[in-house]
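Architecture and fold: a report
So the chains spell out like this:
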Amino acid sequence: MKKVVLLVTISVMALHVFSQKPSTDSSSAPKTMAAEDKSQALKRYPAAESLSVTKGEVSIKGQRVPYKTSTGTLPVWDEDGKPIASIFYVYYERSDVSDRNARPLVISFNGGPGSASLWMQIGYTGPRILKIDDEGYPVQPYGMKDNPNSILDVADIVYIDPVNTGFSRILDKATPSSKFFGVNADIKYLAEWINTFLSRYKRWASPKFLIGESYGTTRVAGLSLELQNNQWIFLNGVILVSPTELGIEKDSRSAAALRLPYYAATAWYHKALPADLQKKDLTELLPEVEQFAVNEYLPAMHWGGAVSDAKRKELVGKIARYSGLSEKAILQNNLDVPSNFFWKELLRDKGYTIGRLDSRYLGIDRKDAGIGPDYNAELISWEHSFTPAINMYLRDELNYKTDLKYNVFGSVYPWDNNNDKTGYNLAQAMAENPYLHVLVQSGYYDGSVCDYFNAKYSIWQMDPSGKFKDRMSWEGYRSGHMMYLRKEDLATSNEHLRQFIKKATPKSNQPAKY
């Protein structure tokens, strides 16, 4: 297939256009050749606007899907129309579609809040994904491969890097960081940017979906109402991958009880439970633990010292039984076992710690003693595999030329967490918009603030009347924070996305009304 590449770089002061020869490589990956104009200077400051266009092809579920990739930057403007920041994005469009107006658009964010969008782009939904083993661990040589599970067959996708992540940067140094770095500031400028993107790429008519992972769920939950009320952009769906607390506060006593199902899942994975529990399947075990957590553990935590000695002994026995920890450890923590201690304690006798964001991962500390791990075993592993892959992909395959460092994680501090009502804002957006559906995806082995049972609890609190039950759904996976890194869950979770997009896209001329 003939591959054509167009590279356009627009700075605040000047415009440069470069054309390139088509590649003769027949691989399905988008390939480009170096620009003939060797005098182009690569700079370590960002362009307000830039663009590199490539073409590729991928087989998804046995179907040939040709696509165009637009990689570049668009500005954030201040009230006077001056560019104050440059936002990097990668936009995939299926190229054999005749009616773009009817084709869904998925707008994708990762979290942090200082994290770039590489994780879901080259790990989950994009047409090209990184090379890792079937459980998600790094392999060498690093590189990329086609994603046969990508959702590009049913929707176009744009991945967005907020300010100071990826190649996105502040342009006007006089602009205060508070313009970007805070729960509500982040939502406001990104909503403005999305408005610009929809206009540039003529996507106003398309059914629109937001997907966010980790802190990205806070971002997209807040964006759902901000887009609706201040940009007049109405969504069809919001997807929350490993959601945060979404501003839905829980006191420390409730939090202690709500963590237990995650502890049980992790202990089951590491075969640390009693034999009668260990022989059960995970999805058979967890409802039992959830019932105990809500009906016995949570009320007891609120009774505190008023719990009788006999009842306390009974509770300690059950918590130890479900968590894989000793009764002594439970008592020493007054039934409130911190996550950090759990990650250190569960396999302490075997000389290992377990991962925070994915407790399948093991770490080795300098000392077995202590109250928490020395490092996050899972995050180090992910940085190991993703960082070379995203740099190779953007710079070589997508031919985006810059000397800027790609910030996998960028500094966004101080971050203003005040007035986080994003979960309730999402519920309000659903109330106002009968088209809007929500899907939550969680890994059973995610032990951060994004654990699977807290995600369930949050959506229960978002919809206390139960009136949104037919528009809210939850799916669990036998993996961690980035459940899609496990090969089996990559296929299943993408299929859940595919079905959700189809369900939330109304039939032609179907009215949005109750």
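Residues numbered from 1 in each chain as written. Predicted model: local features only at pLDDT ≥ 70, side-chain atom pairs only at ≥ 80, totals over all residues. Heavy atoms only, no water.

This brings us to the pattern of salt bridges. Counted according to the given criterion, the structure contains 32 salt bridges. Across the salt bridge formed by Lys311 and Glu314, the nearest N and O atoms sit 3.7 Å from each other. Here Lys311 pairs with Glu314, and both are found in helix α8 (residues 309-323), just three residues apart, close to one helical turn. Taken together, the salt bridges that share partners define one network made up of Glu135, Asp358, Arg360, Arg486, Glu488 and Asp489. (Salt bridge = Lys/Arg side-chain N within 4 Å of Asp/Glu carboxyl O. Helix = DSSP H or I, 4+ residues; strand = E, 2+ residues; numbered from the N terminus.)

This paragraph deals with the packing of helix α3 (residues 215-230) against helix α12 (residues 422-432). For the pair α3 and α12, the least separation of the axes is 8 Å and the interaxial angle reads 40 degrees. Considering the angle they form, α3 stands oblique to α12. Of the two elements, α3 crosses α12, and the hand of that crossing is left-handed. Contacts between α3 and α12 involve Thr218, Ala221, Gly222, Ser224, Leu225, Gln228 and Asn229 on the former and, on the latter, Thr422, Asn425, Leu426, Gln428, Ala429 and Glu432. Residue composition of the contact of α3 with α12, grouped by class: four nonpolar, eight polar and one charged. (Axes fitted to C-alpha atoms, helices over the stretch in contact; angles between N-to-C directions. Parallel < 35°, antiparallel > 145°, perpendicular 65-115°, else oblique. Left-handed = near helix turned anticlockwise from the far one by under 90°. Contact = heavy atoms within 4.5 Å. Nonpolar A, V, L, I, M, F, W, Y, C, P; charged D, E, K, R; others polar.)

A separate point is helix α1 (residues 118-125). Among the eight residues that make up α1, eight are buried, leaving the element largely enclosed by the rest of the structure. By the burial criterion, the buried members of α1 are Leu118, Trp119, Met120, Gln121, Ile122, Gly123, Tyr124 and Thr125. (Buried < 20%, exposed > 50% of the residue type's maximum accessible area, 1.4 Å probe, protein only.)

So, on to the confidence of the model for the protein. Residues of the protein with pLDDT of at least 70 account for 92%, and the chain-wide mean is 91. Scored below 50 in pLDDT, residues 1-41 makes 88 contacts in the model with residues more than four places away or belonging to other chains. (pLDDT = per-residue confidence, 0-100.)

Right, let's get into empty space enclosed by the protein. In this approach, a probe sized like a water molecule rolls over the atoms, and the result shows the empty space that is left. If you walk through the whole model with that rule in mind, you get two cavities of 30 Å³ or more. In this structure, the largest cavity occupies an estimated 40 Å³ of space. Lys344, Arg348, Gly351, Tyr352, Thr353, Asp365, Lys367 and Asp368 together form the lining of the largest cavity. Taken together, the residues of the lining of the largest cavity sort by class into one nonpolar, two polar and five charged. Around the second largest cavity sit Pro113, Pro162, Val163, Phe180, Phe181, Asp186, Tyr189, Arg219, Val412 and Trp415, which together line it. Here the residues of the lining of the second largest cavity sort into eight nonpolar, no polar and two charged. (1 Å grid on protein atoms, 1.4 Å probe; cavity = no way out; pocket = protein on both sides within 12 Å on 5 of 7 lines; lining within 4 Å. Points joined across faces, edges and corners; volume = space filled by probe spheres on them.)

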